[in-house]
Amino acid sequence: NLLKKEMKLPLLLLACLTPVCFSDNHLAEKYPFSTTLHEGYYYLYWNFSSTDETIQFAVRVKTTGWVGFGISPNGQMPGSDVIIGWIDGQKSYFHDRFAVGRYEPPIDNMQDWFLISARQDDGYTELEFSRNFTTCDNESRDIDLLADTSRIVYSWNDELPTVTQNSDRSETYTFRQHQNQESASINLLGGLPNPPQIPSDAKSFTVEDENVAVPDKDTTYWCKGVRLSDIIDSYDEVKYIVKFSPSITPGSEAYVHHILVYICDEFEESDLGPGGECSDINNG
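Here the structure is a predicted model, which means the values were calculated and not measured.

### Overview of the confidence of the model for the chain
- On average, residues of the chain carry a pLDDT of 82, and 85% of them reach 70 or more.
- In the model, residues 20-24 has pLDDT below 50 throughout and makes 21 contacts with residues more than four positions away in sequence or in other chains.

Here it is as structure tokens:
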């Protein structure tokens, strides 16, 4: 975005907040992308290679039972391409499954999700696994990963499945229904695993709205108008914006769903100041 004289204008920030903090561990150092799916219970990490068209996930879930994760066509369980994994003693179990309906997903005939590692510590189960963007499943049961928003489904149960050894040496697994099953919308392929280096002469500024108390409801849209920093609000030279990044108080990451930034040319001085719910500001 080119910054010229017209940039001497107010800036409008709109943040979508959801009442749902973040656990620091070794996975955060290994994976460049991460999000809290359920505070205190379910953390997701990932990285991808556009060259190899592969994606690697890690989940850290507060349970010693089974863990479910997958891609859904619409955020619901039916039609989802999922995995279920768990650790029982020294043995780990991991299966690529397809959710036909709202019941235990059968094991897929073609296994296209691959377990990398499984471990437990401090009451958490960690699974690392990978898959290709496109799996070429002959039964068309897998969902391709695209450079777009993916609907994630995830679940867990604190009880381990029952494993029965059959006479043909195969195994049968019996599950109790998930204690928790939720969904989220994430752009898994929208980041840069190896972002370009910021120029050494680049300058930055931060726009914040401090001490925002998130209302007790599913979704809140919060608006605030501010003036641009003097760092870029000058006319002496052309400037370029080379990076936007969120500035979120540690522990509050899970509350922020997205942030929109607008350049406005019709703001009055009275439009600036403390932020508030967008509906209140628009009707005020």
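### A few points about the sheet that holds strand β8 (residues 91-98)
- Read from one edge of the open sheet, five strands run β8-β7-β6-β11-β14, paired in antiparallel fashion. Among the strands making up the open sheet, the edge pair consists of β8 and β14 (180-186). Between one strand axis and the next, the sheet turns by 15° as a mean value, whatever way the strands run.
- Pairing of strand β6 (residues 66-72) with strand β7 (residues 81-88) involves five bridges; the strand directions are antiparallel.

### Considerations on the pairing of strand β11 (residues 150-157)
- Among the eight residues of β11, seven are classified as buried, and the element is accordingly described as predominantly covered.
- Bridging between β6 and β11 involves seven bridges; their strand directions are antiparallel. By the bridge assignment for β11, W66 is matched with N157.
- Taken together, the seven bridges between β11 and β14 define a ladder with antiparallel strand orientation. When the bridges of β14 are listed, Y154 appears paired with E182.

### As for the packing of aromatic side chains
- Within the structure shown, the criterion is met by 17 aromatic pairs.
- Measuring from centroid to centroid gives 5.7 Å for F33 and F48, while their planes differ by 15°, and the two rings are stacked. With F33 in strand β3 (residues 33-38) and F48 in strand β4 (residues 42-49), this pair connects stretches of sequence that are 15 residues apart.
- Of the residues examined, F33 reaches a relative accessible area of 15% and is grouped as buried.

### Looking at the state of the cysteines
- Within the structure shown, the criterion is met by one disulfide.
- Bridging C223 to C278, the disulfide has an S-S length of 1.9 Å. For the disulfide bridge between C223 and C278, the dihedral angle about the S-S bond is near 100°, and by the sign convention the bridge is right-handed. Within this pair, whereas C223 is found in strand β15 (residues 220-227), its partner C278 is found in helix α2 (residues 278-283), the two being separated by 55 residues in sequence.
- Judged by its relative accessible area of 7%, C223 falls in the buried class.
- C278 gets classed as buried once you look at its relative accessible area, which sits at 6%.

### Looking at the pairing of β4
- Most of β4 is tucked away, with six of its eight residues classed as buried.
- For β3 and β4, the ladder comprises five bridges, and the chain directions are antiparallel. Bridge assignment links T35 to a residue of β4, and that residue is L44.
- Hairpin connection of β3 to β4: three residues between the antiparallel strands, including G40 at a positive phi of 80°.

### Some points on unusual backbone geometry
- Its identity is not glycine, yet E53 carries a phi of approximately 55°, on the positive side.
- Here E53 shows up in the loop between β4 and β5 (54-61).
- A positive phi is found at R169, a non-glycine position, where the angle reads about 75°.
- With respect to the helices, strands and loops of the structure, R169 is situated in the loop between β12 (162-165) and β13 (171-174).
- Among the residues examined, R169 registers a relative accessible area of 78% and is labelled exposed.

The rules behind the values
- Residues numbered from 1 in each chain as written.
- Predicted model: local features only at pLDDT ≥ 70, side-chain atom pairs only at ≥ 80, totals over all residues.
- Heavy atoms only, no water.
- pLDDT = per-residue confidence, 0-100.
- Contact = heavy atoms within 4.5 Å.
- Pairing = 2+ DSSP bridges.
- Helix = DSSP H or I, 4+ residues; strand = E, 2+ residues; numbered from the N terminus.
- Axes fitted to C-alpha atoms, helices over the stretch in contact; angles between N-to-C directions.
- Buried < 20%, exposed > 50% of the residue type's maximum accessible area, 1.4 Å probe, protein only.
- Phe/Tyr/Trp six-rings, centres within 6.5 Å; stacked < 30°, edge-to-face > 60°.
- Disulfide = S-S within 2.5 Å.

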